[in-house]
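Residue strings, one per chain:
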Amino acid sequence: MLEIPTALRWLYIDLNSYFASVEQQLQPQLRGKPVVVVPTSGTDSTCAIAACYEAKALGIKTGTMIYDARRICPTLMIVPARHDKYVDYHHRIMTEIERHIPLTKICSIDEVACRLMGDEQKKDNAIALARRIKKGITDNVGICLGSSVGIAPNRFLSKVASNLQKPDGLTVIEGQDLPGCLLHLSLRDLPGIGRKMEQRLASAGITSLQSFWDLAPKHARSVWHSVQGERFWYALHGIEVSEPPETKRHTIGHSHVLAPQMRPRHKARMVARRLTVKAVTRLRRLGFHASLYNLYVRYDIRGPREQTRWQSHVKLPPTQDNFAFLQALNHLWDAIPKTQNAARIKHISISLYGLIHEEDIMPDMFARLEDPVARNQKKNTQLSQAMDRINGKYGLDTVVIGALPCPLSPHTGSKIAFTRIPEKAEFHE
Ligand SMILES: [Mg+2]
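Right, let's walk through the structure included here. Bear in mind that the values here come from a model prediction, so they are computed numbers and not experimental data.

Cut-offs used in this document
- Residues numbered from 1 in each chain as written.
- Predicted model: local features only at pLDDT ≥ 70, side-chain atom pairs only at ≥ 80, totals over all residues.
- Heavy atoms only, no water.
- Pairing = 2+ DSSP bridges.
- Helix = DSSP H or I, 4+ residues; strand = E, 2+ residues; numbered from the N terminus.
- Axes fitted to C-alpha atoms, helices over the stretch in contact; angles between N-to-C directions.
- Parallel < 35°, antiparallel > 145°, perpendicular 65-115°, else oblique.
- Contact = heavy atoms within 4.5 Å.
- Buried < 20%, exposed > 50% of the residue type's maximum accessible area, 1.4 Å probe, protein only.
- Polar contact = N/O pair within 3.5 Å; in protein donor to acceptor, adjacent residues only side chain to side chain.
- Core = buried A, V, L, I, M, F, W, Y, C linked by side-chain atoms within 4.5 Å.
- Arc of directions from axis to C-beta.

## Quick word on the sheet that holds strand 6 (residues 111–115)
Then comes step 1: On the basis of which strands lie adjacent, the open sheet formed by five strands has the order 5-6-1-7-8 and mixed pairing. Each of the sheet's edge strands pairs with one partner strand only, and the pair in question is strand 5 (105–108) and strand 8 (170–172). With direction set aside, neighbouring strand axes in the sheet form an average angle of 15 degrees.
Then comes step 2: Sheet topology places strand 1 (residues 10–15) next to strand 6; five bridges connect them, and they run antiparallel. If you follow Ile-13 over to strand 6, its bridge partner there is Val-112.

Structure follows, in structure tokens:
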């Protein structure tokens, strides 16, 4: 018989409607009103990437298309995303939380998990700590920045607990509450179970949380086709499961959905140039060289996948030089089919693969300075680095290569992946 742990070892903080809350914090006229945040301004054919609770109360949520949202609420406030502000507040919030407890793992821009130690593991103390953190954030960072906190025997359940009460929640899951306190959830409500996994579980006859709970752990592994299933089963039962080792970084990229006025092909090309320089700047800052440049474009039309998307790549000797990648882009851009379908481009994604860290580069690569190609490459890399320093010091776009795609949002590409917080430096790239 599995012994369910009793100690409360984790505290998880999740900010409520984070992007929308930051906007309400910065723009007091938005407070108390239904607000959504959108990735690009000037179009209804995009979806909300965040909705405040006033909007959620009307049935508007993350993912709702703006034309639907406007129909539901004609007075809806639609705010274009300002990711630099969200990153700035992220750092302020983390600094505040750190005054109360060390941060064990920052899970996303608005979520952090903290390990409880010693007396903090006692229920009353953990609750008091959670209240201090919540109050610290609203008092010292911003009154609009509500959060939900979960406290549980392991990190997974602490996240689940943080989802149980929103907004402004504080939920404790103790070993003895399991599985009863979770049985009202569907499997899809659990972090890590998406639509595909739900289908796979259903075809194995597992359609409720109780039926998953009752499985043997080995059976969970076979349903998942991986050890992950067994790990997930133990996590749900409150057991501390060790983290798999961090995967090595193997790609750097930037991607952007273009505002409608930037979609004609010749303008989209400028966005692609900008994204490329941004990705390569990041590559240099992280100390990598890349040997494969991939360009993906999606056309501004509806239709089957093979008629609406195009991608290709160029292999290069390992480099971190802007000009080498811009040349690769030129080459690929000219290869995009010149069909009517590709007259307008909606989405561009740039990826750099084959990453090698500077320290792992053969020393002779730069030693061969007598070689004119190597010498030229070194010169270009130095020029690229000089541009980084100037843009870092005097601000974004002080020095650019070629024309700047106006009116391009200044934050092209520094989109928030929910699992990756852009480093502050990226906003100057
Ligand atoms: Mg959140």
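Text resumes after the structure shown.
## A word on the packing of helix 1 (residues 18–26) against helix 4 (residues 83–98)
Angle between the axes and distance between the axes are the two parameters that describe a pair of packed helices.
Then comes step 1: Running from N to C, helix 1 and helix 4 cross one another at 90 degrees; their axes reach a closest spacing of 10 Å. In terms of their interaxial angle, helix 1 and helix 4 are classed as roughly perpendicular. Here Tyr-18, Phe-19, Val-22, Glu-23, Gln-25 and Leu-26 of helix 1 lie close against helix 4, whose contacting residues are His-83, Lys-85, Tyr-86, Tyr-89, His-90 and Ile-93.

## What to know about the side chain of Gln-25
Then comes step 1: Checked against the element boundaries, Gln-25 lands in helix 1.
Then comes step 2: Among the residues examined, Gln-25 registers a relative accessible area of 15% and is labelled buried.
Then comes step 3: Engagement of the side chain of Gln-25 in a polar contact is seen with the backbone nitrogen of Ile-143, the distance being 3.1 Å.
Then comes step 4: With residues near it in sequence (within four places) discarded, Gln-25 still touches Arg-31, Tyr-89, Val-141, Gly-142, Ile-143, Cys-144 and Leu-145.

## Some points on unusual backbone geometry
Then comes step 1: Look at the link from Lys-166 to Pro-167: it is a cis peptide, with omega at -5 degrees.
Then comes step 2: When you line up the elements, Pro-167 lands in the loop between helix 6 (155–164) and strand 8.
Then comes step 3: Note the cis peptide between Leu-178 and Pro-179, where omega equals -10 degrees.
Then comes step 4: With respect to the element layout, Pro-179 can be found in the loop between strand 8 and helix 7 (195–203).

## Some thoughts on the nonpolar core
Then comes step 1: In terms of nonpolar packing, the biggest core is built from 47 residues, with Leu-11, Ile-13, Tyr-18, Val-36, Ile-97, Ile-137 and Ile-151 touching the most fellow members.
Then comes step 2: Once residues lying within four places of it in the same chain are set aside, the contact partners of Ile-13 are Ile-97, Asp-110, Glu-111, Val-112, Cys-114, Ile-133, Ile-137, Ser-147, Ser-148 and Val-149.
Then comes step 3: Leu-275, Ala-290, Trp-310 and Ile-336 belong to the second-largest nonpolar core, a separate cluster that totals 33 residues.

## Here's the deal with the environment of Asn-125
Then comes step 1: Within the element layout of this structure, Asn-125 appears in helix 5 (residues 123–140).
Then comes step 2: For Asn-125, the contacting residues outside a window of four places in its chain are Asp-119 and Glu-120.

## A look at helix 9 (residues 217–224)
Then comes step 1: Among the residues of helix 9, Pro-217, Ala-220, Val-223 and Trp-224 are the ones counted as buried. Buried residues of helix 9 fall within an arc of 110 degrees about the axis and therefore sit on the same side.
Then comes step 2: Looking at the buried positions of helix 9, the neighbouring elements they touch are helix 7, helix 8 (209–213) and helix 10 (227–236).
Then comes step 3: Looking one or two places after helix 9, you find His-225, whose phi comes out positive at around 60 degrees.

So yeah, pure geometry; function would need other evidence.
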